Amino acid sequence: DAGVTQSPTHLIKTRGQQVTLRCSPKSGHDTVSWYQQALGQGPQFIFQYYEEEERQRGNFPDRFSGHQFPNYSSELNVNALLLGDSALYLCASSRSAEDNEQYFGPGTRLTVT
Amino acid sequence: GQSLEQPSEVTAVEGAIVQINCTYQTSGFYGLSWYQQHDGGAPTFLSYNALDGLEETGRFSSFLSRSDSYGYLLLQELQMKDSASYFCAVSSNYQLIWGAGTKLIIKP
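All values reported here derive from a predicted model rather than from experimental measurement.

Definitions and limits used
Residues numbered from 1 in each chain as written. Chains lettered and ligands numbered in written order. Predicted model: local features only at pLDDT ≥ 70, side-chain atom pairs only at ≥ 80, totals over all residues. Heavy atoms only, no water. 1 Å grid on protein atoms, 1.4 Å probe; cavity = no way out; pocket = protein on both sides within 12 Å on 5 of 7 lines; lining within 4 Å. Points joined across faces, edges and corners; volume = space filled by probe spheres on them. Helix = DSSP H or I, 4+ residues; strand = E, 2+ residues; numbered from the N terminus. Nonpolar A, V, L, I, M, F, W, Y, C, P; charged D, E, K, R; others polar. Contact = heavy atoms within 4.5 Å. Buried area = accessible area lost by both parts, 1.4 Å probe. Salt bridge = Lys/Arg side-chain N within 4 Å of Asp/Glu carboxyl O. Polar contact = N/O pair within 3.5 Å; in protein donor to acceptor, adjacent residues only side chain to side chain. Phe/Tyr/Trp six-rings, centres within 6.5 Å; stacked < 30°, edge-to-face > 60°. Buried < 20%, exposed > 50% of the residue type's maximum accessible area, 1.4 Å probe, protein only. Lys NZ or Arg CZ within 6 Å of the ring centre and 35° of its normal.

A. Summary view of empty space enclosed by the protein. All names here are of chain B. Inspection of the entire model under this criterion finds one cavity of 30 Å³ or more. Computed from the structure, the largest cavity encloses a volume of approximately 30 Å³. Surrounding the largest cavity, Leu-46, Ser-47, Glu-55, Glu-56, Thr-57, Phe-60, Ser-61 and Ser-62 form its lining. For the lining of the largest cavity, the secondary-structure elements that each account for two or more residues are strand E5 (44-49), strand E6 (53-57) and strand E7 (60-65). Taken together, the residues of the lining of the largest cavity sort by class into two nonpolar, four polar and two charged.

B. Representation of the interface of chain A and chain B in the model. The interface is formed by 19 residues belonging to chain A together with 16 residues belonging to chain B. Buried surface at the junction of chain A and chain B, both sides included, amounts to about 1,400 Å², of which 54% is carbon and sulfur. Put simply, chain A and chain B have zero salt bridges between them. Linking chain A to chain B there are five residue pairs in polar contact (both at pLDDT 80 or more). Of all elements in the fold, only strand E4 (31-37), strand E5 (44-50) and strand E6 (53-57) of chain A reach the threshold of two or more residues within the side of chain A that touches chain B. With three residues, the single largest contributor to the side of chain A that touches chain B is E6 of chain A. Class assignment of the residues belonging to the side of chain A that touches chain B gives a composition of six nonpolar, 10 polar and three charged.

C. Region of the structure containing the packing of aromatic side chains. By the definition in use, this model includes 14 aromatic pairs over all chains. With a centroid separation of 5.5 Å and an interplanar angle of 40°, the aromatic rings of Tyr-35 of chain A and Phe-104 of chain A are classed as tilted. Taken as a pair, Tyr-35 of chain A in strand E4 and Phe-104 of chain A in strand E10 (residues 103-104) lie far apart in primary sequence, 69 residues in all. In this pair, the class of Tyr-35 of chain A matches that of Phe-104 of chain A, namely buried. Of the aromatic side chains, those joined through ring pairs into one cluster are Tyr-35, Phe-45 and Phe-104 of chain A together with Tyr-35, Phe-45, Phe-87 and Trp-98 of chain B. Sitting over the ring of Tyr-103 of chain A, Lys-26 of chain A keeps its end group 5.2 Å from the ring centre.

Have a look at this one:
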């Protein structure tokens, strides 16, 4: 049973560019949440997707957008990258939107230069 | 606003017991979760408390007092592999709000 997978593992971008990160949830899970984790900090909630809709959003600007596909996989898009967007981006899936146990992928390390 | 406070670092000896505290201030509280994260790894779910009291899962236990906005994670019979960062996180309005994490250092 495959767990949560994310791609790519690492990514280097330049300020002003756009990036797309991808996530496949654990088998049987239909809810995907995205987090940003800066070095030495706790994860910050970006948004959650359920039934292909953004269900809840954290305190992140509109430059951060996402999508969920019919197979429950998800994408995180970040436009007009800033140096401060450099972080580990984590995807987590759960059995339902009400399930409190989240399974995390290994993350994508994004570096903006 | 919403905030969680936990100690930044805790040191303990192998085989001992350690308690990591978490206090929170948030609206729309549903429950308190604990996650473990090894350096370079992904967070791993440890426990979830929605009601007051103690939940035990093997060597790990978690406690919640909703009236005090307080919880703790208790780790018993510490092993070197327990060296990691531990995060408390509040479920609030369909999102998880995380603390800054407690780095647990275990000495032989």
